[in-house]
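One-letter residues, chain by chain:
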Amino acid sequence: MACLSGSSQDSVKNSSRHAFHKAWKNINIGLRPQFLRKLGFADSDVDKLLKNNDLDMFQFWKGVDENDPEIYQLVQHEVYSQKRNEKVDQLLKANKARKSFRKNRDISWFIYGFCRFYSDESFWKDTIIRQKFQLQDSQLTEIESDYKGNFAERQYRMMMIWMKANKLNNVRQTTRKLEKLNLHIPKTFSSLSEAASSSAENRCNEHDSPESKRRKIETEDSDSESSVDSVQENEVSKLVTTTAKKLHQHLKTVVDEKCGREYGRAVEPVDLVLVKYTGQKDRDPEKQREKLARVVDKGNELKGDITVENMFERAKIEAGDIEKDKKSIGVVGAVGVGKSTLTKVIVQKILDKKILSNASFVFFITVGTIDLKRETDLFELLFSSLIAKGSLSLDEAEKRELISFILQDRNTVVIIDGLDEAKTENLHSYPHVLPFNKSKPMAVLYNILNGKLLENAYKLVTSRITQFIDASPEYRPKFVLEILGLAPSEQQKLARCLCGEQFDRVWKTLLDNPLLLECCVVPVNMLMSLNFLLGGGGTSGTITLTGVYIAMLNRYIRSKHCPFETCIDVVKKLCELGFYGWLNNKSFFSDKELEQFGIPLATQQAFVDTALKSENIFAIRILQQDKVSYFVHRSWQELFVALRLVLFMPLYEFKSFLKNAFESGDLENVVKFCFGICKGSVFEKASQLSPAAQVDKIEEKKKFLGLLAESKADKLSDNVTESNGEHDMQQWFHLFACLNELGSDDISLPLTELLPTVADIEGSVFSSDITNMASLYKLNNTTLQLKEVNLSFVGNALQSFGKFVQEHNIKIKDFLLYHCPDEQLQFVGSILPHVEVCKIGIFCGSAESIKKNLLKLAKSVKDGLGKIASSNQVKELWFNHIPLKDEGVSILGSGVGEVANLYMRGIGMTSVGAVKLGEHLEMETTQSMDNLRISDNEIGDIGACAVTKSIHKMKKLEMAKCGITSKGMPGITQNILNSQTMIPFLDLSRNKFGDDGTQELAKCLCLVKGLDVRKCDITSTGAGALCDGLSNAPTPMQFLDLSENNVGDVGIKKISKVLSKVRRLYIRGCGMTLTGLSVLAEGLSTAKRLEELDLDRSLQNFADANDLKILELKVKVLKWF
């Protein structure tokens, strides 16, 4: 427990409630929100708490006892920590203050270290207090009463009484006194004390009497504090530097294995597709759609590709005002997609100073290596790898110095890989953990993630998607990336490197087996499939992923380096080992555990760290060893678990386990492997792995899997009915994958009666998901209507989806394409004839990365629109912030006539593209449009005039921030007058055409029902011109927005005379004063009632009561901003 110093100590009384309120006043007001978050409050509660006074504060403390000593310790730690951080610079300016501050600090930490060593309460009370310190019970009674239940604080108070009685004012004096009592001294303080004492004694004259020497030493105590502090700082600095060097040298050995060494062949680097995660984070579909709609409408503020080099900068932008998220990143993805590989790449780049070049410590924590049942503290968790190797041996004082530095350091990096490998049922119940207290490892990890520990550190955590969604938002970073595996071009690149001269043969075989090829978007599946095909597999029959793994395992145990007689009997034992790991959340195994399952040394040598390789096949491993043994990839462990279930588990246990796993969804990959193993041809090879395989029960197990699938489909079907299409389609994809691995039409056909006919799909989809779904719907030609489709397409998934939609004539109400590989953009058009609303929002790539494919996108869209029947139109087509530019607009051509609402904000169009667009709009074949939105494009006066020639075909035209000046306004006005049609809405906001342009625009107000001229440099003169135009209009204008134009009170006076000619009026930020407000109120008193009026909030508090009363009476909706 970090103790309070100075006045903070005196303010803390006899209860945690009183301590909280007193300490609260000592915390800087600006830091209070951060402190509340550290205490465990959600962001939504922080504002509510800050609005209440101190006496009410504990009423909002949910589920926490007011006298909880943990709160008391936390408040003390926070106040002390803040005072040390905030005041140190100020105190160091004065030498006296510097000594005082450091003296208090060192005494507090010295007492803390001493008390933690003697943590046994009975020994402390009987031996230390009564025998060594000789304190009387009368001195202790008040402390025992005041701090009942808080042993750490009682220790501190008793220590202070003893020091005061012995006139001990600093660390050196206290150390010398404790040494005489034969009590333990923290090593760091002891060495410092000896150095200072030796230095003082050396300055004494040899003729000085003992009493004279004592007085000289004591006189120099205060002067020696500065030198002791300097020695201490040097010691800590040396400790930090040495430990960091050891840690980083160890990390280099962990991440330094290149692909060429791993696979026995030179391999060029291949890129993983890394995008911002857009799937569900809070299981609220409505909020998720609103968020996606905002992104598509407004564009992505984060321009450019997401890379390892810029991801932490992106996180800082995404976090906004939330401090704990500014340095935190989450990474999610499917099993085997490359999450662990990415973390190693990041660690390597940090160690090479290519990113986060100022990083002081880099901690790489693999959750699978942690013993989750054994309690640990922050030091043991962070330095577990060095401790296991025997490379780090520190005493308690050094550990505390090191952790104290890390807690405050702003350049520490913590990477947590595989959070999903731990059970996460109680994510909402982890308490706050103090740095030096022992606790469950997951409690420490989650305190790191929510910022209660290492709040200043950079953090990155990886997990599978399902487990990430299930975690409390408190533990999830705001900026989350998703790994979508290998793009099609990268798959070919990797295959060429690994297959060499056999690439053409292998790639042709993959193309002939589309289901297997579609699995190859996941890197681990790609490597396994290539190895399988290089060894001569895939010559006949349909290949499944499970079949590939089983074939590779058969080949492995029959290879030359692996003695068959030894290994054939050990497959069952490896299955038991893998199953034991799953039950106990372990993926790393000691030699003792291997022996426990009867895996002999010969087998260990055959399996552990031994790669299967020959002339034509690159290396592949199953087990690897580094002090402990572990499966090279989790997929291998999952396969052995599935083999154990299908080949060796009794039928009744098999049914019980599979039923629970299938319903919970925790073991998706294991369940899928079970289905795959039960396929006839695959089971034949799997049963050859062990003579102990229970082959006689396979048909019953296969039948039971069919019943499970039917039960799951029935449950999902009921969910669809109850939620009217709002359901988790990812669960259907998992079911489709299992059935296709099984490959039994007899089992699949009855399930097709339960398939949803109305559905929503969101998140990331793989090509295999679409193909598996299509095969089920094809069995009995089940129809499907998709209401909401918000997708990131992985690999060739968009092409597969387009084929599926065409073949089954599927109707899609709302389709949002959030991301797909660049080369897949050419398939967007195949979906358009089936879509009502299409939103293309490819925001994760830079203009350069998709430039070469944008023209293909435009052509594909044009072709797709051309296939739409002449009587129909796509209701909405969104290209917002997609850099089509002039060439893309030109290619779209006459296709724009097939769209009712065309949104092309910020696409890089200039006057050239606008002229082309205008020509297409003028064509007789072009149908009328409801809305054309081309804001944020620099089309200028020429482009605006070209587009407005067809304004009679539009209900709404939005040209905000298009570079229109006063020179272009006469042409725009004339086009409106020539149209002789009422224009429902015209948006010309953020164009600087000023009063001159406004005077021209006023001439056509008789044909405009709604006008937005915000921020157009209009003054009172322009406002007067608009009022003249309104007064001549035959009917009132439905909408007028003059906000952010400096019309002043003069302009407001003119507007107040034509209030009866406007239904909804917006005049925020127009330079209106209270005088203008009174004039406006006077005008309203004689006008008809306004539907809506927007005004500046700054006027509300000072306005005349009568004016406010008139406004409230004469305005239906009054808004203050």
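Since the model is a prediction, treat every value here as computed from it, not as a measurement.

### Observations regarding the packing of helix α27 (residues 545–557) against helix α34 (residues 668–677)
In step 1: Where α27 meets α34, the closest approach of the two axes is 8 Å, and the angle between their N-to-C directions is 80 degrees. Here α27 lies roughly perpendicular to α34, going by the angle between them. When α27 is examined against α34, the residues Thr 546, Tyr 549 and Ile 550 are found in contact with a partner set consisting of Lys 672, Phe 673, Gly 676 and Ile 677.
In step 2: For the contact of α27 with α34, the per-class residue count stands at four nonpolar, two polar and one charged.

### Quick notes on the confidence of the model for the protein
In step 1: Chain-level statistics for the protein give a pLDDT mean of 76 and a share of 73% at 70 or above.
In step 2: Segment residues 187–207 is flagged for pLDDT under 50; beyond a separation of four residues in sequence, or across chains, it makes 35 contacts in the model.
In step 3: For residues 609–616, every residue scores under 50 in pLDDT, and the model assigns this stretch 28 contacts once sequence neighbours within four places are set aside.

### Quick word on helix α37 (residues 729–742)
In step 1: For α37, which comprises 14 residues, the first-to-last C-alpha distance of 20 Å matches the rise-based estimate of 20 Å (1.5 Å per residue) to within 8%.
In step 2: In terms of residue burial, α37 counts as a mostly covered element, since 12 of its 14 residues are buried.
In step 3: Buried within α37 are the following residues: Met 729, Trp 732, Phe 733, His 734, Leu 735, Phe 736, Ala 737, Cys 738, Leu 739, Asn 740, Glu 741 and Leu 742.
In step 4: Phi turns positive, to about 65 degrees, at Gly 743, one or two residues after α37.

### What to know about the pairing of strand β6 (residues 480–486)
In step 1: The buried fraction of β6 is high, at seven of seven residues.
In step 2: Pairing between strand β1 (residues 272–276) and β6: four bridges, direction antiparallel. Bridge pairing links Leu 272 to Leu 486 in β6.
In step 3: Note: strand β2 (residues 328–332) against β6, three bridges, orientation parallel. Paired with Gly 330 across the bridge in β6 is Val 480.

### Considering the packing of aromatic side chains
In step 1: Scanning the entire structure with this criterion turns up 23 aromatic pairs.
In step 2: Note on Phe 654 and Phe 704: the rings are 6.3 Å apart at their centroids and 65 degrees apart in plane angle, and the pair reads as edge-to-face. Taken together, the residues Phe 654 in helix α33 (residues 651–664) and Phe 704 in helix α36 (residues 698–723) connect sequence positions 50 residues apart. Each member of the pair, Phe 654 together with Phe 704, is buried.
In step 3: Against the face of Phe 654 rests Lys 701, its NZ or CZ located 5.0 Å from the ring centre.

### Some thoughts on unusual backbone geometry
In step 1: In this structure, Lys 167 is a non-glycine residue whose phi angle is positive, near 55 degrees.
In step 2: Along the chain, Lys 167 falls in the loop between α9 (151–165) and α10 (171–180).
In step 3: Phi at Glu 1044 takes a positive value of approximately 60 degrees, unusual for a residue other than glycine.
In step 4: Within the secondary structure layout, Glu 1044 lies in the loop between β20 (1039–1041) and α48 (1048–1055).
In step 5: Taking the relative accessible area as the measure of exposure, Glu 1044 reaches 44% and is therefore partly exposed.

### Quick notes on the packing of helix α24 (residues 503–512) against helix α26 (residues 523–534)
In step 1: At a closest axis distance of 10 Å, the pairing of α24 and α26 adopts a crossing angle of 115 degrees. Comparing their axes, α26 and α24 come out roughly perpendicular. α26 is crossed by α24, and the crossing has right-handed handedness. Across from Arg 505, Val 506, Trp 507, Thr 509 and Leu 510 in α24, the residues of α26 making contact are Met 526, Leu 530, Leu 533 and Leu 534.
In step 2: Residues of the contact of α24 with α26, tallied by class, amount to seven nonpolar, one polar and one charged.

### Topic: the pattern of salt bridges
In step 1: Under the defined criterion, the tally for this structure stands at 23 salt bridges.
In step 2: Of the charged contacts in the structure, one is a salt bridge between Arg 905 and Asp 936, with a shortest N-O distance of 3.2 Å. Taken together, the positions of Arg 905 in the loop between β15 (899–903) and α43 (911–922) and Asp 936 in the loop between β16 (929–933) and α44 (940–948) put the pair 31 residues apart, joining distant regions of the chain.
In step 3: You can call Asp 936 partly exposed: its relative accessible area is 23%.
In step 4: Here the salt bridges do not stand alone but share partners, grouping Arg 374, Glu 380 and Lys 438 into one network.

### Notes on the nonpolar core
In step 1: Counting residues in each nonpolar core, the largest one holds 211 residues, and the members touching the most others are Leu 643, Phe 879 and Ile 1067.
In step 2: In terms of residue count, helix α32 (residues 634–648) provides more of this core than any other element does, 10 residues in total.
In step 3: Apart from residues no more than four positions distant in its own chain, Phe 879 is found in contact with Ile 840, Leu 857, Val 861, Leu 884, Leu 892, Leu 902, Tyr 903, Met 904, Arg 905 and Ile 907.
In step 4: In this structure, Leu 239, Ala 244, Leu 394 and Ala 422 belong to the second largest nonpolar core, which totals 40 residues.

Conventions used here
Residues numbered from 1 in each chain as written. Predicted model: local features only at pLDDT ≥ 70, side-chain atom pairs only at ≥ 80, totals over all residues. Heavy atoms only, no water. Axes fitted to C-alpha atoms, helices over the stretch in contact; angles between N-to-C directions. Helix = DSSP H or I, 4+ residues; strand = E, 2+ residues; numbered from the N terminus. Parallel < 35°, antiparallel > 145°, perpendicular 65-115°, else oblique. Contact = heavy atoms within 4.5 Å. Nonpolar A, V, L, I, M, F, W, Y, C, P; charged D, E, K, R; others polar. pLDDT = per-residue confidence, 0-100. Expected span 1.5 Å × (residues − 1). Buried < 20%, exposed > 50% of the residue type's maximum accessible area, 1.4 Å probe, protein only. Pairing = 2+ DSSP bridges. Phe/Tyr/Trp six-rings, centres within 6.5 Å; stacked < 30°, edge-to-face > 60°. Lys NZ or Arg CZ within 6 Å of the ring centre and 35° of its normal. Left-handed = near helix turned anticlockwise from the far one by under 90°. Salt bridge = Lys/Arg side-chain N within 4 Å of Asp/Glu carboxyl O. Core = buried A, V, L, I, M, F, W, Y, C linked by side-chain atoms within 4.5 Å.

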